[in-house]
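Geometric and topological summary
Okay, here's what each chain looks like letter by letter:
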Amino acid sequence: MRILIVEDEPHLAEALGQIMSEQRYQVDMVHDGADGLDYALTGQYDAVVLDLMLPKVDGLEVARRLRAAHVSTPILMLTARDEVSDKIAGLDCGADDYMTKPFDAGELLARVRALTRRQGEVIGNTLSAGDLTLRLDARCLVCGDDSVRLGFKEFEVLRLLMAGFRSVVPKEDIIAKVWGLESDAEDNNVEVYISFLRKKLAFLHSRTVIGTVRKLGYFLEVPEP
Ligand code: CA
């Protein structure tokens, strides 16, 4: 899990970084809204913890621009207690959840966990994205009336792409999560499974496609007709 923290108060930023790192999240930290936007626009994060009042570009505007750019990374907005009315504005602009400062570390982590689960839509034993439904118990991919069984690694790779629907999933994350950090799997392994999956999407006549961002990773989207 990779988390971006955008917080301009040095002590709070440091505390947030520590809380996340202890949970073995990979953390990137920036201290103003302009950097926050640049980093988050890469789409490589599983969640963004975004302060509301920030130098250069405020949190609301960062969230708005991310959503305008179709970056769907979940956003947890942090607000001071006296900014309560901004909470509603925060959710309107594309933030997924908010917390008032000061906050409890346990609650923060619980909310980040909830947000990172929410991408793609998990209903019962299925995960849906675009016109695809993945049956998690049967490793079966369904599109309309057609379905196909997936091999174990195909299933794991596609599950990551569907969970991060429309966001770029970095190759190194795919390797770490599917093959394991200790493995000597390389980019080629990922490419092979991506090509298997593309064939299966074509077989299903799915409108959902796997896009490539060169040297970075892959994303799932439904292109405009
Ligand atoms: Ca602030």
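Along each chain, numbering runs from 1 in the same order as the chain's sequence is written. Residue-level local features of this predicted model are given only where pLDDT is at least 70; pairs of side-chain atoms are given and counted only at 80 or more, and the full residue set underlies all totals for whole chains, interfaces and linings. Note that water and hydrogens are dropped before the side-chain values are worked out from all heavy atoms of the structure.

**Notes on the sheet that holds strand 11 (residues 169–170)**
The strand order 11-13-12 describes an open sheet built from three strands, whose pairing is antiparallel. With partners counted over all chains shown, the strands left at the sheet margins are strand 11 and strand 12 (209–213), one partner each. In short, DSSP must find at least two bridges between two strands for them to pair. Each helix is a run of H or I in the DSSP string that is no shorter than four residues. Each strand is a run of E no shorter than two, and both are numbered from the N terminus. Here strand 12 pairs with strand 13 (residues 217–221) via five bridges, running antiparallel. Bridged to Ile210 within strand 13 is Leu220. The contact definition used throughout considers only heavy atoms, calling two residues in contact when any of these lie within 4.5 Å. Lines fitted to the C-alpha atoms define the axes, with helices restricted to the stretch that makes contact. Angles between their N-to-C directions range from 0 to 180 degrees. Here helix 6 (residues 152–163) sits on the sheet and contacts strand 11, strand 12 and strand 13; the angle it forms with strand 13, its principal contact strand, is near 65 degrees. Packing of helix 8 (residues 187–203) onto the sheet brings it into contact with strand 12 and strand 13, and relative to strand 12 it is tilted by some 150 degrees.

**A word on the coordination of the calcium ion**
The protein atoms that coordinate the calcium ion are Asp8 (OD), Asp51 (OD) and Met53 (O), at distances spanning 2.0 to 2.3 Å. Accessible area is worked out with a 1.4 Å probe on protein chains only. A residue is then buried under 20% of its type maximum, exposed over 50%, and partly exposed in between. The exposure class of Asp51 is buried, given its relative accessible area of 2%. Water is not among the atoms examined, so metal sites may look incomplete; donors are the N, O and S atoms within 2.8 Å of the metal, or within 3.2 Å for Na, K and Ca.

**Quick look at the sheet that holds strand 3 (residues 47–51)**
Strand order across the open sheet formed by five strands is 2-1-3-4-5, with parallel pairing between neighbours. Looking at the sheet topology across the chains shown, the edges are occupied by strand 2 (26–30) and strand 5 (97–101). Along the sheet, successive strands turn relative to each other by an average axial angle of 20 degrees, direction set aside. Both strand 3 and strand 4 (residues 75–80) contribute to a ladder of four bridges, which runs parallel.

**Regarding helix 7 (residues 171–179)**
One full turn of an α-helix is made of 3.6 residues, so residues set three or four places apart face in the same direction. Regarding helix 7, the residues found buried are Lys171, Asp173, Ile174, Ile175, Val178 and Trp179. Looking at the buried positions of helix 7, the neighbouring elements they touch are strand 1 (2–6), strand 2, helix 6, strand 11, helix 8 and strand 13. One or two residues past the end of helix 7 sits Gly180, with phi positive at roughly 100 degrees.

**Considering the domain arrangement of the protein chain**
What marks off one domain from the next here is an automatic or database domain assignment. When the domains of the protein chain are assigned, the result is domain 1 (2–115) and domain 2 (121–221). Relative to domain 2, the C-alpha centre of domain 1 lies at a distance of 27 Å. Each reported salt bridge corresponds to a side-chain nitrogen of Lys or Arg within 4 Å of a carboxyl oxygen of Asp or Glu. Among the ionic pairs, Lys177 bridges to Asp46, the shortest N-O distance being 4.0 Å. Pairing of N or O atoms within 3.5 Å defines a polar contact, subject to two protein rules: one partner must be a possible hydrogen donor and the other a possible acceptor, and residues neighboring in sequence count only if both atoms are side-chain atoms. Run the count over domain 1 and domain 2 and you get one residue pair in polar contact (both at pLDDT 80 or more). Looking at the side of domain 1 that touches domain 2 residue by residue, the classes come out as no nonpolar, seven polar and two charged. We call Asp, Glu, Lys and Arg charged. Ala, Val, Leu, Ile, Met, Phe, Trp, Tyr, Cys and Pro are nonpolar, and the rest, Gly among them, are polar.

**Some details on helix 3 (residues 59–68)**
Within helix 3 the residues assigned to the buried category are Gly59, Leu60, Val62, Ala63 and Leu66. Within helix 3, the buried residues cover an arc of 165 degrees as seen down the axis, which keeps them to one side. Looking at where helix 3 begins, the residue whose side-chain oxygen comes 3.0 Å from the main-chain nitrogen of Leu60 is Asp58. Where helix 3 ends, the next residue or the one after it, His70, has phi of about 60 degrees, a positive value. This arc corresponds to the set of directions leading from the helix axis out to the C-beta atoms.

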